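Examination of the molecular architecture
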Amino acid sequence: MLENYLTVKQQGEHENIIQKSRFIGHIKRTETEDEAQAFINQIKKEHASATHNCSAYMIGEQNLIQKAQDDGEPSGTAGVPMLEVLKQMDMKDTTVVVTRYFGGIKLGAGGLIRAYSNATSEAIRAVGAVRRSLMQNVIIQAGYGMLGKLENELRAHDYLIETIDYAEAVTFHVLVPISDAEDFKGWMINLTSDQVTIKDGETQYVERDVEV
């Protein structure tokens, strides 16, 4: 599993008008090729009267699944430029469909490449992007005498406290970047003079908004 990667925040769309043509960029996070194709087919159905519904997607940790489709535009002027934007912005597990309603003015090959590229990048920025970071849930159990010190130190160092459970002992569930987990545990032991019990919970991805 990747420790960090970028993807789109949510499903959404953004529209541009270029030389009287409407370019609507539709974006969705898709983790399988089936999901990507289903999204493309959905947009094509919703915009069946459009002149073109061009698409591109990248799927997988290593971007092993990549496809681009021009949907009737001159070869190489739509799908491939859209895919290149996904690569340049490093957006994984992302599908984009750009719907065009022709406005009567031809743009030429260069104009089409710019239009489809811009529709893709502006849709991603409008919808938003996130960085997904793989985190280790570290479970720390301590006596109540350690509560204030532990909570203050964790918050001062900007660690993400998922929950604090109060029972016979106090238990912190702290999300730590997977690469820092062992150093974090050592710090906890030193900080408390080894007066805590530490174990690993499950790993999970945490998302934070980023500008792209």
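Now for a quick tour of the structure. All of these numbers come straight from a predicted model, not from anything done at the bench. (Residues numbered from 1 in each chain as written. Predicted model: local features only at pLDDT ≥ 70, side-chain atom pairs only at ≥ 80, totals over all residues. Heavy atoms only, no water.)

This part is about the overall build of the chain. A tally of helices and strands in the chain yields five helices and ten strands. Overall size of the chain, expressed as C-alpha extent along the three principal axes, is 75 × 30 × 25 Å. Out of the 212 residues belonging to the chain, those deemed buried represent 46%. Roughly 10,800 Å² of accessible area belongs to the chain as shown, and the carbon and sulfur atoms make up 45% of that amount. With 21 positive and 31 negative side-chain charges, the chain shows a spacing of 9 Å between the two charge centroids. (Helix = DSSP H or I, 4+ residues; strand = E, 2+ residues; numbered from the N terminus. Buried < 20%, exposed > 50% of the residue type's maximum accessible area, 1.4 Å probe, protein only. Areas by Shrake-Rupley, 256 points an atom, 1.4 Å probe, with all protein chains shown as cover. Lys, Arg positive; Asp, Glu negative; His and termini not counted. Charge placed at Lys NZ, Arg CZ, Asp CG, Glu CD.)

When helix 4 (residues 147–156) is considered as a whole, its buried residues turn out to be Leu147, Leu150 and Leu154. Buried residues of helix 4 fall within an arc of 75 degrees about the axis and therefore sit on the same side. Opposite the buried face of helix 4, at more than 90 degrees from it, the exposed residues are Asn152 and Ala156. Where helix 4 is buried, its residues meet strand 7 (129–142), strand 8 (160–166), strand 9 (170–177) and helix 5 (181–191). Positive backbone phi, at 65 degrees, marks Asp158, one or two positions downstream of helix 4. (Arc of directions from axis to C-beta. Contact = heavy atoms within 4.5 Å.)

A few words now on the nonpolar core. Counting 25 residues, the largest nonpolar core has Leu86, Met91 and Tyr116 as its most contacted members. When residues of this core are traced back to their parent elements, those giving at least two are strand 1 (4–8), strand 3 (21–29), strand 4 (52–59), helix 2 (79–88), strand 6 (94–101) and helix 3 (108–127). In terms of residue count, helix 3 provides more of this core than any other element does, seven residues in total. Setting aside residues no more than four positions away along its own chain, Tyr116 makes contact with Phe23, His52, Cys54, Glu73, Thr77, Ala78, Met82, Val98 and Arg100. Membership of the second largest hydrophobic core comes to 17 residues, among which are Leu150, Val170, Val174 and Val176. (Core = buried A, V, L, I, M, F, W, Y, C linked by side-chain atoms within 4.5 Å.)

Because an α-helix completes one turn every 3.6 residues, residues spaced three or four positions apart along the sequence face the same direction. Three or more residues of helix 2 are buried, namely Gly79, Pro81, Met82, Leu83, Val85 and Leu86. The inward-facing, buried residues of helix 2 abut strand 4, strand 5 (65–69), strand 6 and helix 3. Backbone geometry just downstream of helix 2 places Asp90 in the positive-phi region, at approximately 60 degrees.

Per the stated rule, a full pass over the model turns up five aromatic pairs. In this structure an aromatic cluster arises from ring pairing among Tyr159, Phe184 and Trp187. (Phe/Tyr/Trp six-rings, centres within 6.5 Å; stacked < 30°, edge-to-face > 60°.)

Here we come to the environment of Ile65. Within the fold, Ile65 resides in strand 5. Put simply, Ile65 and Asp93 are 28 residues apart on the chain and 9.3 Å apart in space, counted from C-alpha to C-alpha. Those residues within four positions of Ile65 in sequence are excluded, and the remaining contacts are Glu33, Tyr57, Met58 and Ile59.

Most of strand 9 is tucked away, with seven of its eight residues classed as buried. As paired strands, strand 7 and strand 9 are joined by eight bridges and run antiparallel to one another. Bridge assignment links Val138 to a residue of strand 9, and that residue is Val174. For strand 8 and strand 9, the ladder comprises six bridges, and the chain directions are antiparallel. Looking at strand 9, one finds that Ile164 is bridged to Phe172. As consecutive antiparallel partners, strand 8 and strand 9 are separated by three residues. (Pairing = 2+ DSSP bridges.)

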